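Here's the letter readout for the chains.
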Amino acid sequence: ALKVPRGEVVFDNVIFAYEPARPILHGVSFRIPPGGTVAVVGGSGSGKSTLARLLLRFYEVGGGSVSIDGQDIRSVSSHSLREAIGVVPQEALLFNDTIAFNIGYGRSGAGMDEIIAAAKAAHIHDLIDSLPLKYDTPVGERGVMLSGGEKQRIALARAILKNPPLLIFDEATSALDTASEQAIQKELDQLSANRTTLVIAHRLSTVVDATEILVMERGRIIERGTHARL
Ligand code: ATP
Ligand code: MG
């Protein structure tokens, strides 16, 4: 398994293209200190979610490296890497299974009481409790239809339950109304406190506490600094 004693993440001059003819990242370097939070802002298509996909090693970097506590992530198995990282993605994909399974995924052997506690923290328990089959409700095909924001809250509950050393949050504020966004923001702040976090933010106001904020444009960091400075 991947050991994450400190939780330092380093992107060192990362170059990447999904297709050879179209470079997406042109040498991106940043460091998330142990327990710190780096926030990434920037226009649509600038490469923000790509950073998250590379940290999860869904793709290999074309140049440079990504490392965790000094270990190049190419030297660890994808499985152990993903065990160490909790993800609340921009578009949460759920398994075609029950709500309980979807929240518990990633923490095998979690008890129902823990699943419910995580759902409460993610502000999704009341909705689940109102369904006829409650936590046994199937999602996806022929199951309950969940909105984008509801799916994201299920993913947040999964991350809360998983309690991983590293966290990625790709904010999809469009999926949430203002009240849920504020409630979730509070939970996220709690979850990311003292936990190494990469947060992709759509508003500067949501990342006041970040150790560093990166501004991306067309695959490059064009500005960086604290909230007060930017
Ligand atoms: P948004 O704010 O809209 O989520 P983003 O900054 O997260 O944007 P990315 O998803 O990182 O953007 O995408 C960066 C670029 O890579 C975009 O031009 C996008 O079209 C391209 N891209 C993303 N995924 C793929 C893929 N699977 N294959 C080819 N190109 C892709
Ligand atoms: Mg994105």
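From a predicted model like this one, the values you see are computed outputs, not experimental measurements.

Picture the strands of a sheet paired through backbone hydrogen bonds; they go either parallel or antiparallel. Pairing within the open sheet is antiparallel, and its four strands lie in the order S2-S1-S4-S5. The sheet terminates laterally at strand S2 (22-32) and strand S5 (71-72), the two strands that pair on one side only. Summarising the sheet, strand S1 (residues 9-19) and S2 pair through eight bridges and their orientation is antiparallel. Bridge pairing in S2 links valine 10 to arginine 31.

So, on to the sheet that holds strand S8 (residues 196-200). If you trace the six strands from one edge of the open sheet to the other, you get S6-S7-S8-S3-S9-S10, paired in mixed fashion. Only two strands of the sheet have a single neighbouring strand rather than two, namely strand S6 (85-88) and strand S10 (220-225). With direction set aside, neighbouring strand axes in the sheet form an average angle of 20°. With five bridges connecting them, strand S3 (residues 37-42) and strand S9 (residues 212-217) associate as parallel partners. Paired with valine 40 across the two strands is leucine 214, which belongs to S9.

Moving on to the pairing of S10. Relative to S10, S9 runs antiparallel, the two being bridged by five bridges. What sits directly across from glutamate 217, in S10, is arginine 220. Counted between consecutive antiparallel strands, the loop separating S9 from S10 contains two residues, among which arginine 218 sits at a positive phi close to 45°.

Let us look at the site of ligand 1. Taken together, Tyr18, Glu19, Ile24, Ser44, Gly45, Ser46, Gly47, Lys48, Ser49, Thr50 and Gln90 make up the full set of residues adjacent to ligand 1. Secondary structure elements with two or more residues in the shell around ligand 1: S1 and helix H1 (48-55). It is H1 that contributes the most residues to the shell around ligand 1, three residues altogether.

A few words now on the packing of helix H4 (residues 112-121) against helix H6 (residues 148-162). Where H4 meets H6, the closest approach of the two axes is 8 Å, and the angle between their N-to-C directions is 125°. Classified by the angle their axes make, H4 and H6 are oblique. Crossing hand, H4 versus H6: right-handed. Residues Glu114, Ile115, Ala118, Ala119 and Ala121 of H4 pack against Ala157, Ile160 and Leu161 of H6.

With that settled, the discussion passes to the nonpolar core. In this structure, Ala157 and Leu198 are the most contacted members of the largest nonpolar core, which totals 61 residues. Sorting elements by how many residues they give to this core places H6 first, with seven residues. Counting only domains with at least three residues in this core, you end up with domain 1 (1-84 + 168-173 + 194-230) and domain 2 (90-163). When neighbours within four sequence positions are excluded, leucine 198 is seen to be in contact with Val9, Ile32, Val38, Leu51, Ala52, Leu55 and Ile168.

Let us look at the domain arrangement of the chain. The domains assigned to the chain are domain 1 (1-84 + 168-173 + 194-230) and domain 2 (90-163). The C-alpha centroid of domain 2 is placed 26 Å from the C-alpha centroid of domain 1.

Right, let's talk about the environment of alanine 119 for a bit. Within the element layout of this structure, alanine 119 appears in helix H4. Alanine 119 sits in the buried class, given 26 other C-beta atoms within 10 Å. On a C-alpha basis, the gap between alanine 119 and threonine 196 in space is 22 Å, while along the polypeptide they are 77 residues apart. Excluding anything up to four places from it in sequence, alanine 119 contacts Ile103, Ile124, His125, Ile128 and Ala157.

Quick look at H4 now. In an α-helix there are 3.6 residues to a turn, and that puts residues three or four apart on one side. By the burial criterion, the buried members of H4 are Ile115, Ala118 and Ala119. One side of H4 carries all its buried residues, which in axial view fall inside an arc of 100°. Looking at the buried residues of H4, the elements they touch are helix H3 (99-104), helix H5 (125-129) and H6. Trailing H4 by a residue or two, histidine 123 shows a phi angle of about 60°, which is positive.

The buried count for H1 comes to six of eight residues, which makes it a mostly enclosed element. Every buried residue belonging to H1 is among Lys48, Thr50, Leu51, Ala52, Leu54 and Leu55, and all of these are buried. Two residues or fewer past H1, arginine 57 is found with a positive phi of approximately 55°.

Rules and cut-offs
Residues numbered from 1 in each chain as written. Chains lettered and ligands numbered in written order. Predicted model: local features only at pLDDT ≥ 70, side-chain atom pairs only at ≥ 80, totals over all residues. Pairing = 2+ DSSP bridges. Helix = DSSP H or I, 4+ residues; strand = E, 2+ residues; numbered from the N terminus. Axes fitted to C-alpha atoms, helices over the stretch in contact; angles between N-to-C directions. Near = placed C-beta within 6 Å. Parallel < 35°, antiparallel > 145°, perpendicular 65-115°, else oblique. Left-handed = near helix turned anticlockwise from the far one by under 90°. Contact = placed C-beta atoms within 7 Å. Core = buried A, V, L, I, M, F, W, Y, C linked by C-beta atoms within 7 Å. Buried ≥ 20, exposed ≤ 12 C-beta atoms within 10 Å, placed from the backbone. Domains from an automatic or database assignment. Arc of directions from axis to C-beta.

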